Amino acid sequence: MRWLVPLCLALSACRSPSKGAAGGSASAAASAARPSKAPSPLTLHRWLTSRDAVSVHDVAGAPMVTAGATVMRLADPLAQEPALGEGLEGDAEPARIMGEFPDAAFLVVSVTHRVTGAPLGERAYRWYAKRWAPAPSPLHDAPPLAVVEHRAATVALLSSPPAGLRLEVVRATKPIDLPSLPPAGAGPTSLALPGVWLAEQAGALVVVGTRCGESAPAVLHLDAPASALSLPHGATVSAVRARGGEVLIAGGLDGRAALFRYDGAKLTRVETPDLAPLSALSLGADGSVWVAAAEKVASRSAAGEWAVGAAGARVTGVVAADGARAWVSVASPEGGALLGTLPAREVVAVPDKRASFAARAQYGKALATSACTSLWVPLVVVGRSGWVPDDLPWLRESVAGKPELAGVRYLAEDDGHETWVGALVPTLAAGEALVADVGARIGIGGQRVACHAPREAAEYVEGRRVRARERVLERR
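Here we summarise the structure given alongside this text. For clarity, every value in this text was computed on a predicted model and none was experimentally measured.

### Some thoughts on the overall build of the protein
Step number 1: Scanning the protein from N- to C-terminus turns up three helices and 35 strands.
Step number 2: The buried share of the protein, taken over its 476 residues, is 51%.
Step number 3: As presented, the protein carries roughly 20,600 Å² of accessible surface, and 53% of it is formed by carbon and sulfur atoms.

Right under this line is the structure:
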């Protein structure tokens, strides 16, 4: 079942604004006092480095970080799980991840031409069981702007020019009725792109965006009774997050930071430190609020106390676990980085996206970092699917007398098309040593350590098969 309700996308297609809005219209106070107590200092530590862009993604159930073509879970330590790289095709670079993991998580990628590098647009993938797969039409070619959980269903906000914006149920245990968009009787509610957010407030859907013909964003309460509340004149919005019965809106006003709270009936401004306009927002599980502004990060505890820290580079995003744990993505001319409020166990270096694209094309697997939970070295194809050799003399000769390869397991993997021989290695350094030693001996080149959990068909000790497992065909 689909619900299609058009909204105009451009200012030229908007209706003329009216003087008021039915169903309740009000403006939040244009000013708010600064905290009476000076903010505490906040220290940030480096967790990850990359030559490519780094972004954090506030995904319910599994916050994530992307760096170039690599996807990891935000945890302590960082976790590059093989499944998070499965299913992506071609030169697909993660752009944003949204929704709720694992039942309703969506990954939007930007795709470029493999030869020319020209942008080819965006595509959407959805998490299915143990891998990403193209989202069903029309979402694959028209990725959602936002995804929220609403009344035991997943609702997406979609843009489909020239028809406009629409709400659509993309997952539900039973049919539900969506409110009209724009809400009936809520005044001039056509919205202009870009800059539209969807949230849920106490069981109701809320849209934040700039109404056509107006200079200030508005909060549109879509469920009955519908209402439209305007932010102060000149306010800007950069991020919207919901928690329980409130929606927090981060942005700027008069060139400074502005943070607003919407409780379903009124808008109030929350005091903030003296910062530049806010560019990112995240909510901790303990009631804390985290914001970013230019090169600074600030947190507000549930008790209302602020702390501010310098990131040393432009902050592109923030994801909070609680008042003590948060991660920040930053960008500089040298590349991107991930910072955290707690010291990292190690600083993870991420391979550049071009090398990752090449490995994806060659093996269909992601390149490994030191944060990978299953390090796999694909060595050579030994035969067609369904056939596993008993003896590998070349392997026995290649690894004999090499103590640096202790702890390596040599396996045959049947991927349903052909049988590979490769190795599970305990560390990234051991994998690189194996590539250098064995690759040089058997005359193969270009192999890299992949982040992959192989489907074992056999195991080899000193080149001889010691056990085999019945081949199980899996739907992939």
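### Looking at the pattern of salt bridges
Step number 1: According to the stated counting rule, one finds 22 salt bridges in the structure shown.
Step number 2: Between Arg-243 and Glu-246 there is a salt bridge, with the nearest N and O atoms lying 3.7 Å from each other.
Step number 3: What makes Arg-243 partly exposed here is its relative accessible area of 23%.

### Quick notes on the state of the cysteines
Step number 1: Tallied over the entire structure, the rule returns one disulfide.
Step number 2: A sulfur-sulfur separation of 2.2 Å characterises the disulfide bridge that pairs Cys-372 with Cys-451. The chirality of the disulfide connecting Cys-372 with Cys-451 is right-handed, given an S-S dihedral of about 95°. Here the residue Cys-372 occupies a position in the loop between β29 (366-367) and β30 (375-384), and Cys-451 occupies one in strand β33 (residues 450-451), the gap between them amounting to 79 residues.

### Observations regarding the pairing of strand β6 (residues 92-100)
Step number 1: As defined by bridge partners, β6 adjoins strand β7 (residues 104-112) across eight bridges and the pair is classed as antiparallel. Bridge pairing in β7 places Pro-94 opposite Val-109.

### Points about the packing of aromatic side chains
Step number 1: Applying the stated criterion across every chain yields a total of three aromatic pairs.
Step number 2: Considering the side-chain rings of Phe-101 and Trp-127, the 5.0 Å spacing of their centres and the 45° angle between planes classify their relative orientation as tilted. On the criterion of sequence distance, the pair formed by Phe-101 in the loop between β6 and β7 and Trp-127 in strand β8 (residues 119-128) is long-range, its members being 26 residues apart. Each of the two residues, Phe-101 as well as Trp-127, counts as buried.
Step number 3: For the pair Trp-127 and Trp-132, a centre-to-centre distance of 5.1 Å together with 80° between the ring planes defines the contact as edge-to-face.
Step number 4: Classification of Trp-132 as buried rests on a relative accessible area of 1%.

### A word on unusual backbone geometry
Step number 1: In this chain, Asp-76 is followed by Pro-77 through a cis amide linkage whose omega measures 5°.
Step number 2: Within the fold, Pro-77 resides in the loop between β5 (70-73) and β6.
Step number 3: Along the chain, Ser-137 connects to Pro-138 via a cis peptide bond; the corresponding omega equals 5°.
Step number 4: Its location among the elements puts Pro-138 in the loop between β9 (131-134) and β10 (146-150).
Step number 5: For Arg-151, which is not a glycine, the phi torsion comes out positive at approximately 55°.
Step number 6: The topology assignment puts Arg-151 in the loop between β10 and β11 (153-160).
Step number 7: Note on Arg-151: relative accessible area 47%, which makes it partly exposed.
Step number 8: We note that Ala-294 has phi near 55°; this positive angle belongs to a residue other than glycine.
Step number 9: The class of Ala-294 is partly exposed, set by a relative accessible area of 42%.

### Notes on the sheet that holds strand β15 (residues 217-221)
Backbone-to-backbone hydrogen bonds pair the strands of a sheet. The strands run either parallel or antiparallel.
Step number 1: Ordered in space as β13-β14-β15-β16, the four strands form an open sheet in which the pairing is antiparallel. Both edges of this open sheet fall to β13 (191-201) and β16 (227-230), since each of them pairs with a single strand only. The average undirected angle you get between the axes of adjacent strands in this sheet is 25°.
Step number 2: Taken together, the seven bridges between β13 and strand β14 (residues 204-211) define a ladder with antiparallel strand orientation. Among the inter-strand pairings, Ala-199 is bridged to a residue of β14, identified as Val-206.

### Thoughts on helix α3 (residues 428-442)
What sets the pattern is the α-helix's 3.6 residues per turn: residues three or four places apart point alike.
Step number 1: With 15 residues, α3 extends 21 Å between its outermost C-alpha atoms, agreeing within 8% with the 21 Å of an ideal straight helix rising 1.5 Å per residue.
Step number 2: Those residues of α3 that sit buried are Ala-430, Gly-431, Leu-434, Val-438 and Gly-439. Seen from one end, α3 has its buried residues packed into an arc of 140°, which puts them on one side. Seen from the open side of α3, the exposed residues pointing more than 90 degrees away from its buried face are Ala-429 and Ala-440.
Step number 3: Those residues of α3 hidden inside the fold are in contact with β30, α2 (393-399), β31 (409-414) and β32 (418-425).

### Quick notes on helix α1 (residues 353-363)
Step number 1: All buried positions along α1 are accounted for by Ser-356, Phe-357, Ala-359, Arg-360 and Tyr-363. In an axial view of α1, the angular spread of the buried residues amounts to 165°, which keeps them on one side of the axis.
Step number 2: In this fold, the buried residues of α1 make contact with β5, β6, β29, β30 and β32.
Step number 3: Its side-chain oxygen at 3.0 Å from the backbone nitrogen of Arg-354, Asp-352 defines the N-terminal cap of α1.
Step number 4: Directly beyond the C-terminal end of α1, a positive phi value near 75° is found at Gly-364.

### Some words on the sheet that holds strand β21 (residues 280-283)
Step number 1: What the five strands build is an open sheet, ordered β1-β24-β23-β22-β21; its pairing is mixed. Each of the sheet's edge strands pairs with one partner strand only, and the pair in question is β1 (40-41) and β21.
Step number 2: Bridge count between strand β23 (residues 296-300) and strand β24 (residues 306-310): five bridges; the pairing is antiparallel. Bridge pairing links Ala-298 to Val-308 in β24.

Cut-offs applied
- Residues numbered from 1 in each chain as written.
- Predicted model: local features only at pLDDT ≥ 70, side-chain atom pairs only at ≥ 80, totals over all residues.
- Heavy atoms only, no water.
- Helix = DSSP H or I, 4+ residues; strand = E, 2+ residues; numbered from the N terminus.
- Buried < 20%, exposed > 50% of the residue type's maximum accessible area, 1.4 Å probe, protein only.
- Areas by Shrake-Rupley, 256 points an atom, 1.4 Å probe, with all protein chains shown as cover.
- Salt bridge = Lys/Arg side-chain N within 4 Å of Asp/Glu carboxyl O.
- Disulfide = S-S within 2.5 Å.
- Pairing = 2+ DSSP bridges.
- Phe/Tyr/Trp six-rings, centres within 6.5 Å; stacked < 30°, edge-to-face > 60°.
- Axes fitted to C-alpha atoms, helices over the stretch in contact; angles between N-to-C directions.
- Expected span 1.5 Å × (residues − 1).
- Arc of directions from axis to C-beta.
- Contact = heavy atoms within 4.5 Å.
- Polar contact = N/O pair within 3.5 Å; in protein donor to acceptor, adjacent residues only side chain to side chain.

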